[in-house]
Amino acid sequence: KTFFAPTDKMEIDALVERHIKQSNIPADWMDRYGDAIRCWGRNRKAQLARGTHDWTEMETMALRFGDLIFVTAGGEFFSRYADLIREASGREVHIIGYANGNFGYVSTSAAYDEGGYEVDSAHFFYNTFRARRGAFEQLARDAGQLVRQL
């Protein structure tokens, strides 16, 4: 299990309002964008009500075929993911994204300081919570342990 930051209904409502009021969204996209953001808010509040809002499962596998090693990732990871796994395992690895699910973007901790689509708004369109800061690095450490076991 990989843990993601929980939130509450008021935070969700504030986030939805803030993103809908963005002035940089082209007018011809605003209806679709607003609908997507409001849908995200409804789904997150339903998830809160069910008590399933503070974590999600993300299956990670490491596979070896001869000298080739593949690591699966259930989302879209920054390319640094492979680098961290290589550093942790001392092995050459190849990443297979969108494997056994698609959580959406899982960003490096540094990306949270930089901001941008992957950190600030992609989770709306993947219909998920934003991964908590540090989740990327934790998943890379866990994957590195898997690779060392091969």
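For the structure itself, look to the data block above.
On a predicted model such as this, the values are computed, not experimentally measured, just so you know.

A.B. asks: Please explain helix H1 (residues 9-20) as it appears in this structure.
C.D. replies: At 3.6 residues per turn, the α-helix brings residues three or four places apart onto the same side. With 12 residues, H1 extends 16 Å between its outermost C-alpha atoms, agreeing within 8% with the 16 Å of an ideal straight helix rising 1.5 Å per residue. Residues of H1 that are buried include every one of Ile 12, Val 16, His 19 and Ile 20, and no others. All buried residues of H1 project into a common sector of 100 degrees when viewed along the axis, lining one side. The exposed residues of H1 that point more than 90 degrees off its buried face are Met 10 and Arg 18. Along its buried surface, H1 packs onto helix H2 (27-50), helix H5 (117-120) and helix H6 (122-126). Here H1 starts with a cap whose side-chain oxygen sits 3.1 Å from the backbone nitrogen of Met 10, and that cap is Asp 8.

A.B. asks: What exactly am I supposed to notice about the nonpolar core here?
C.D. replies: Within soluble globular proteins, side chains that are nonpolar generally end up buried alongside one another. With 22 residues, the main nonpolar core has Val 71, Phe 77, Tyr 81, Ile 85, Val 106 and Val 147 as its most contacted residues. Counting residues per element, the ones that place at least two in this core are strand E4 (68-72), helix H3 (80-89), helix H4 (109-114) and helix H7 (135-148). Considering each element in turn, this core owes the most residues, six residues, to H7. Val 147 has contacts with Ala 62, Ile 69, Val 71, Ile 85, Ser 89, Arg 91 and Val 93, leaving out every residue within four places of it along the chain. In terms of nonpolar packing, the next biggest core, distinct from the first, is built from 10 residues, Ile 20, Ile 37, Trp 40 and Phe 124 among them.

Calculation rules
- Residues numbered from 1 in each chain as written.
- Predicted model: local features only at pLDDT ≥ 70, side-chain atom pairs only at ≥ 80, totals over all residues.
- Heavy atoms only, no water.
- Helix = DSSP H or I, 4+ residues; strand = E, 2+ residues; numbered from the N terminus.
- Expected span 1.5 Å × (residues − 1).
- Buried < 20%, exposed > 50% of the residue type's maximum accessible area, 1.4 Å probe, protein only.
- Arc of directions from axis to C-beta.
- Contact = heavy atoms within 4.5 Å.
- Polar contact = N/O pair within 3.5 Å; in protein donor to acceptor, adjacent residues only side chain to side chain.
- Core = buried A, V, L, I, M, F, W, Y, C linked by side-chain atoms within 4.5 Å.

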